[in-house]
Every structure is written in structure tokens, then in C-alpha cells.
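In case you want the letters, here they are:
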Amino acid sequence: MNSIYRTIGSLVFISLLLSCSPSKKDNNLAFIDIPVEAAKEIKLSTVAMEVDSIALETLENNLISRVINVVHSDGSLFVGDINALFKFTWEGKFIKRIGSIGQGPGEYLNVSDIALDKEKGYIYLASNLSQKIVCYDTDGNFIRETKVIGLNGVKLLAGSLYCIFTQHRASATDKTKWFNDAYLIKFNQDFIATDTVLIKSVKANKGTASISDWTGDRIISEVNGEIYVYMNEVMKEPFVRDTLFKVKHGEKTASLKLNFGITNPMEEHLFVKSILRTENHLLIDFSVESYSGISVVELTGKKVNIAKGFFLDDVWNTGFARLMPWNLANEEFYFMKESMELAAVFDDIKGEENPILFIVELKTGFL
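Residues numbered from 1 in each chain as written. Predicted model: local features only at pLDDT ≥ 70, side-chain atom pairs only at ≥ 80, totals over all residues. Heavy atoms only, no water.

Participant: Describe the packing of aromatic side chains, and please don't skip the residues or the numbers.
Facilitator: All chains considered together, the criterion is met by 14 aromatic pairs. Here Tyr136 and Phe142 contribute two aromatic rings whose centre-to-centre distance is 6.4 Å and whose plane-to-plane angle is 65°, an arrangement assigned as edge-to-face. You can call Tyr136 buried: its relative accessible area is 1%. Overall, the relative accessible area of 37% leaves Phe142 in the partly exposed class. Taking the centre distance of 6.5 Å and the plane angle of 75° together, the rings of Phe286 and Tyr291 count as edge-to-face. Per residue, the accessibility class of Phe286 equals that of Tyr291, and both read buried. In this structure an aromatic cluster arises from ring pairing among Tyr122, Tyr124, Phe187 and Phe191. (Phe/Tyr/Trp six-rings, centres within 6.5 Å; stacked < 30°, edge-to-face > 60°. Buried < 20%, exposed > 50% of the residue type's maximum accessible area, 1.4 Å probe, protein only.)

Participant: I'd love a proper account of the sheet that holds strand S17 (residues 193-205), names of residues and values included.
Facilitator: Neighbouring strands of a sheet are bound in pairs by backbone hydrogen bonds; such pairs are parallel or else antiparallel. An order of S14-S15-S16-S17 is seen for the four strands of this open sheet, with the pairing classed as antiparallel. Of all the strands in the sheet, the pair left with one neighbour each is strand S14 (151-157) and S17. The sheet shows a mean angle of 20° between the axes of neighbouring strands, direction not considered. Pairing geometry for S14 and strand S15 (residues 160-170), over six bridges, is antiparallel. From the neighbouring strand, Gly153 faces S15, where its bridge partner is Ile164. (Pairing = 2+ DSSP bridges. Helix = DSSP H or I, 4+ residues; strand = E, 2+ residues; numbered from the N terminus. Axes fitted to C-alpha atoms, helices over the stretch in contact; angles between N-to-C directions.)

Participant: Could you give an account of unusual backbone geometry, with specific residues and numbers?
Facilitator: Residue Asn224 is not a glycine yet carries a positive backbone phi of 50°. The topology assignment puts Asn224 in the loop between strand S18 (220-223) and strand S19 (226-229). Its relative accessible area of 64% is what places Asn224 among the exposed residues. Here the phi dihedral of Lys302 falls at roughly 55°; this positive angle occurs in a residue that is not glycine. Locating Lys302 in the fold gives a position in the loop between strand S24 (292-298) and strand S25 (303-308).

This is the structure in C-alpha cells:
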């Protein structure tokens, strides 16, 4: 219990120090053109190659309704469903459900994100309804938990646990407005907040708030110990959020900027859902008024592929594929397909099973 109160105290103190996380400018900032109006149908094999596919075993007590995130160790898969955390073998055989729905110690009301510490053997579950992070060992035993008011997501970066949390504060000059602030918080092993970076502050009409897909794996990436963050915004704004930031020593520095070719942001309403970085690539998930898309950029030659409606899977022929991070160090991503989508593709699928997970590795030197 003491760690809970110390964490809350730390976060309250942090929220008062808005000026402690300035953004720095980099005169050597790289620019990359991502003309979203040029999006077209692109086959998955153009940018990626097959690694593996895993069918998740279906039993009465492990039905998956909506996958939030998937993490893995050498021998196990952990699937964060919106209502539960499941453990499978690498071959997809069901092992157990971790934790349960409730409000007691080790329980949660929903799953909004998960993160795996392979070195310590811990799995972290973020529940935005419970407003807490729960820690289990990889066998599913409850270890500890802490309250984080405004919690959105969790992520393991350079061996440390980070969380994303938001808060609302009043505007000093306009009583009809308030600020929606988002922070990246670093915790030590006792769940004590040790560092913070203000990564976004949006002025909005009082009573409104930004709502977005802010799980850790969608907006934060790590490359060789360097942390990168992109903070999206769903509300229409008179400018485009076009910058990927690097986070170091409590500060965020512009790492690179993207030119999306948008001339009127309020009318075209470009929504960049995420920008993820690997050593050799960028993966950009976006939508405009009329369609969604995804872009893969090869950083060395600044080669760009922009797919309209996501990449067309010509590897397994499952339809469109929306890539999610699997192992960024190996340039690997995954996508999942519901069994109902695959019943017409695979003879042994009836449409009532758990999803199938497909893993690919991004190519270098694509055209």
C-alpha cells in the first residue's frame, strides 16, 4: 500500500512541473515526404516476408473477443484481450488465464495494455478502468500493483518500466478551456516514479478530452536503447502532428519530421495514429477523411511505400493486414485475423475459433 501512495504523490508533484520537460530543436533534423494522397493498393510481399503463423487454441474458458496487444518470451505468448490476459505456448496451445475481473489485489476491470520484462520474468498489465498497473510473474502469480490515475498504457524500454498517463488542468486565462496533458513516466522496481516527460499538451473546450489508441506498442519504440515517441491527437487541429521525438534525460528532442502533403488540416483531417521506428524503417499508421492507410519507410534510402486500406496480404491471402510491432530489434511485425475472416480461406477453420497470428519481417531494399 505504501508504494501506491508514494506513486500517487510522485505523479501529483510531477503534474505541477510542466516546465521540466522542454522540447529541444535539432538543426540536423531529417525530413521525409509521405504524400498520403499517393496511397494505393500495395501487396504485403512488397515490404515484408513471411516469418511464422500461430493459431491460438480455442477452449470454452479462453475465448478472445478483442485483442489489445500481444507480447512474447522465448517459449510463451501473452495475449491481452480487452477482458483478460491469456498465456499460450509458442505453438498456440492454451496454458492459462492470468488474473481475473474484479477490484481486489491482482484483479482488473479491463486490459488496456500489457508489457513483458523478459529479464525479470514479469508481465505488467495496465487497466485504465481500474486505473492501476498489475504485475505478475510469467507463471501468472500476482506480485504487486500500484494506482496510476489517468493511466493509458505501459511499456518496457531499455530494461525499465514506463507508463503513459494523462490529466486535465484548468486554463489560467480562459475558464471555458482546459488542457489535456500526456506524460511518459519511468518507474523503478518499487513502482516509484523516478522520471517524467511531458509529451503532449492540448488546449480544448472544457469537458472534452482526447480519446485515442494510446497503448505503449502503438506510440513508443526503442532502437538500440534510444526511446522514440509519437503522440497523436484525434481532435481536428489547424496543423499537422508531423514529428517523431526522441526521449532522453527527461527531455524530448525532435528526431525527424514528415511531410504528409496536407494543405488544409481542418478540412482533410489527417489523423496519424502512430509512428513507430526500427533501426532501418518507419511504420506510419494514418487516416484522412475518406480512407485509412499505412506507410513503410526504408530510412537508409528514404524509400516509401504508402498503402491504401493497409497492405494486401498476398503471403497467406487473408485480406488486408494492419501491422503491429512484434520484435522491433528484428524488424518484425504481426497482424491478427479473426477466424470468421479466414473461414473462406482455410478449409480447417469453421469461423468459431480464436484468431490466428501472422508474423512478418520488413524487407530492406524494397522498390
